[in-house]
2 protein chains.
Amino acid sequence: MQFPLALAIIEDQAAIRETLHDYLCAQPEFRCVLIVDSVEAFLQELPTAAGPPQLILSDIGLPGLTGIEGIPLIQELLPEAQVLMLSVYADAERVFEALRAGAVGYLLKHTPLAQLKEHLLQVAAGGSPMSPGVARFVVQAFQQQLVAPIAALPLEHLLAEPLTARELEVVRGIEDGLSYKLIAERHFVSIDTVRSHIRNVYRKLQVNSKAELLAQTLKRQRG
Amino acid sequence: MQFPLALAIIEDQAAIRETLHDYLCAQPEFRCVLIVDSVEAFLQELPTAAGPPQLILSDIGLPGLTGIEGIPLIQELLPEAQVLMLSVYADAERVFEALRAGAVGYLLKHTPLAQLKEHLLQVAAGGSPMSPGVARFVVQAFQQQLVAPIAALPLEHLLAEPLTARELEVVRGIEDGLSYKLIAERHFVSIDTVRSHIRNVYRKLQVNSKAELLAQTLKRQRG
DNA sequence: TGAAAAACCACACGTTCATGCGATAGCGCC
DNA sequence: GGCGCTATCGCATGAACGTGTGGTTTTTCA
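Residues numbered from 1 in each chain as written. Chains lettered and ligands numbered in written order. Predicted model: local features only at pLDDT ≥ 70, side-chain atom pairs only at ≥ 80, totals over all residues. Heavy atoms only, no water.

Peer 1: When you look at the overall build of chain A in this model, what are you seeing that I'm missing?
Peer 2: If you tally the helices and strands in chain A, you get 10 helices and five strands. Relative to its full complement of 223 residues, chain A shows a buried share of 48%. Look at the contacts in chain A between residues 6 or more apart in sequence, and 63% of them connect residues 24 or more apart. (Helix = DSSP H or I, 4+ residues; strand = E, 2+ residues; numbered from the N terminus. Buried < 20%, exposed > 50% of the residue type's maximum accessible area, 1.4 Å probe, protein only. Contact = heavy atoms within 4.5 Å.)

Below is the structure:
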């Protein structure tokens, strides 16, 4: 990570904007490239900025587009940029929306300037700073099992021994609730061939019955 | 929040345990009530502790039960206690598991003692401290839309004929990949009873095999 | 309190499944 | 060419499953 980091600020309240500007832009770690009062202004003035921002500190409650609505628009132009939200709102819903939209962190406005600086540096270092109460919302989402355990990704990637195309076909048949006989008919092969594939699938997935196979699939999908 | 906060520490490595003990227990904000080297020891010695801990700082990599496995056990005895994980592992999977198990925060072991103290206080204040990289994993889970927008709902509400408690139990057994025999053993009934329930479930759900039942469950879960 | 619902149990029969042992044929690749 | 992998197919056996019929006991609740 090389300093100074190109920083942009989106904040509509002039007083706060000035404070952030005065403090952050005076830091040697940052180089302010764009200070605006709305998402619209950001998008419009971006071409005239002193350079592409790497970090964007954005308010949520803005006139016109909200900070949350702005994230995807900004990321379209600046895929590398990381957006850190700075908000007075501390409700779970807004936090989730911001994170889902692509924000990498969420701070409350009462955060001291020195900490804000630290948090911006954490973002640049791959961190995701969140004010204490905000983080608790996020953690609770996990505890309420709202989050899938691990990327619900094609099982083949999780396996040492990948399944062949044929094997995947019969697995899909089983996931559709078909009997061996029907799977055989679906793919125009004999039932013994299906058995043969199943045998290999079971070995690779370490299961011993249709039920276990389906149970594993279920688990993978919900955790 | 009244000080001092009752703190317990679970850490198997003596050197680290001593360091934590020496530093944290010397702080006026904390009152160490139990310092142990395993989850098993924690559960066993809890009755003899100087009082019920409000905060529990636990390692993950422990001999016997892991810190993650210990969380639900601990929470059964101490529903009010908040568990903060302290780990050398920085992989997404372990972080998710810990949070899902009930941890309120997740710190890496290289965290400086002074920060660790701050983080413990944050926990007591309703925060969820996470080391920067750890928080990023969590945020990414949101960005990858792994968070369920709405809860996926119990099949019983979709049915004209609702399943009875017993019937749901055997369905869960099937979803866990168990055989009739194992389901029977799990609920201390005969295998013929299980058959009987299965029969009714199949009629209500309009399916004719385990595979179809599981397939239906799968469909329902992924929409 | 009395009937309905749920839970429990038993036996029997045919089907499907799991898994052992094969075998043949095509393909890519060194 | 020979080697390994995949796909195909066959057969046999025991276990698990699905479904029919018949019960009894316990719980629920109108």
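Peer 1: What should I look at first to understand the sheet that holds strand β3 (residues 55–59) of chain B in this one?
Peer 2: All names here are of chain B. Ordered by their spatial adjacency, five strands build an open sheet running β2-β1-β3-β4-β5, and the pairing between neighbours is parallel. The open sheet terminates on both sides in strands that have one partner only, identified here as β2 (30–36) and β5 (105–108). Between one strand and the next, the sheet's axes are offset by a mean angle of 20 degrees, whatever the strand orientation. Across four bridges, the pairing between strand β4 (residues 82–87) and β5 is parallel. (Pairing = 2+ DSSP bridges. Axes fitted to C-alpha atoms, helices over the stretch in contact; angles between N-to-C directions.)

Peer 1: So what exactly am I meant to see when it comes to the nonpolar core here?
Peer 2: Across soluble globular proteins, nonpolar side chains show a tendency to be buried alongside one another. By size, the foremost hydrophobic cluster in this structure holds 67 residues, and its most contacted members are F42 of chain A together with F42 of chain B. Top contributing element to this core by residue count: helix α4 (residues 92–101) of chain B, with five residues. Membership of the second largest hydrophobic core comes to 35 residues, among which are L168, V170, V207 and L213 of chain B. (Core = buried A, V, L, I, M, F, W, Y, C linked by side-chain atoms within 4.5 Å.)

Peer 1: How should the protein's contact with DNA strand D be read in this particular structure?
Peer 2: Around DNA strand D lies a shell of 18 residues, among which T164 and R166 of chain A together with Y180, R199 and K210 of chain B are the nearest. Backbone atoms, meaning sugar plus phosphate, form 62% of the atoms of DNA strand D positioned within 4 Å of the protein. Measuring from a phosphate oxygen of DNA strand D, one finds a side-chain N or O atom of R166 of chain A at 2.5 Å. Contacts to DNA strand D include S190 of chain A, whose backbone N or O atom sits 2.7 Å from a phosphate oxygen. For the surface near DNA strand D, the secondary structure elements donating two or more residues are α7 (165–175) and α9 (191–205) of chain A together with α9 (191–205) of chain B. Take the surface near DNA strand D: its biggest share by element is five residues, from α9 of chain A. Among the residues forming the surface near DNA strand D, the class breakdown is four nonpolar, eight polar and six charged. (Near = heavy atom within 4 Å. Polar contact = N/O pair within 3.5 Å; in protein donor to acceptor, adjacent residues only side chain to side chain. Nonpolar A, V, L, I, M, F, W, Y, C, P; charged D, E, K, R; others polar.)

Peer 1: Would you mind showing me how to read the packing of aromatic side chains here?
Peer 2: The geometry of two aromatic rings is summed up by the distance between their centres and the angle between their planes. Using the criterion set out here, one finds zero aromatic pairs over all chains in the structure. The ring of Y89 of chain A carries the charged tip of R94 of chain A above its face, separated from the ring centre by 3.6 Å. (Phe/Tyr/Trp six-rings, centres within 6.5 Å; stacked < 30°, edge-to-face > 60°. Lys NZ or Arg CZ within 6 Å of the ring centre and 35° of its normal.)

Peer 1: What am I meant to see in the sheet that holds strand β3 (residues 55–59) of chain A here?
Peer 2: Across a sheet, paired strands are connected by hydrogen bonds in the backbone, their directions being either parallel or antiparallel. Residue and element names in this part refer to chain A. In space, the five strands of this open sheet follow the order β2-β1-β3-β4-β5, with parallel pairing throughout. Among the strands making up the open sheet, the edge pair consists of β2 (30–36) and β5 (105–108). On average, adjacent strands in this sheet sit at an angle of 20 degrees to one another, irrespective of strand direction. With respect to the sheet, helix α3 (residues 67–77) is in contact with β1 (5–10), β3 and β4 (82–87), its orientation differing from that of β4 by roughly 170 degrees.

Peer 1: Explanation requested: the pairing of β2 of chain A in the structure shown.
Peer 2: Each regular strand carries side chains that alternate between the two faces of the sheet. All names here are of chain A. In this sheet, β2 lies alongside β1 in parallel orientation, the contact comprising six bridges. Opposite A6, over in β2, you have R31 as the bridge partner. In terms of handedness, the path from β1 via helix α1 (residues 14–24) over to β2 forms a crossover that is right-handed. (Right-handed = clockwise from strand over helix to strand, strands pointing away.)

Peer 1: Which parts of the structure should I look at to understand the pattern of salt bridges?
Peer 2: With the rule as written, the count across this model stands at 16 salt bridges over all chains. When salt bridges that share partners are traced, they join E11, D59 and K109 of chain A into one network. (Salt bridge = Lys/Arg side-chain N within 4 Å of Asp/Glu carboxyl O.)

Peer 1: Help me out: how do you make sense of the protein's contact with DNA strand C in this one?
Peer 2: Taken together, 18 residues form the shell around DNA strand C, and within it Y180 and K210 of chain A together with T164, R166 and S190 of chain B come nearest. Counting only the atoms of DNA strand C within 4 Å of the protein, the fraction contributed by sugar and phosphate is 62%. In the model, a phosphate oxygen of DNA strand C is placed 3.3 Å from a nitrogen or oxygen of the H197 of chain B side chain. Those elements that place two or more of their residues in the surface near DNA strand C are α9 of chain A together with α7 (165–175) and α9 of chain B. Ranked by the residues each element gives to the surface near DNA strand C, the list is headed by α9 of chain B, at five residues. Partitioned by chemical class, the residues of the surface near DNA strand C number four nonpolar, eight polar and six charged.

Peer 1: Looking at this structure, how should I read a negative patch on the surface?
Peer 2: A cluster of acidic residues, E40, E69, E93 and E97 of chain A, forms a negative patch on the protein surface. By secondary structure assignment, the location of E93 of chain A is in helix α4 (residues 92–101). (Patch = residues over 30% accessible without salt bridge, like charges linked within 9 Å, V, L, I, M, F, W, Y side chains within 5 Å. Areas by Shrake-Rupley, 256 points an atom, 1.4 Å probe, with all protein chains shown as cover. Lys, Arg positive; Asp, Glu negative; His and termini not counted. Charge placed at Lys NZ, Arg CZ, Asp CG, Glu CD.)

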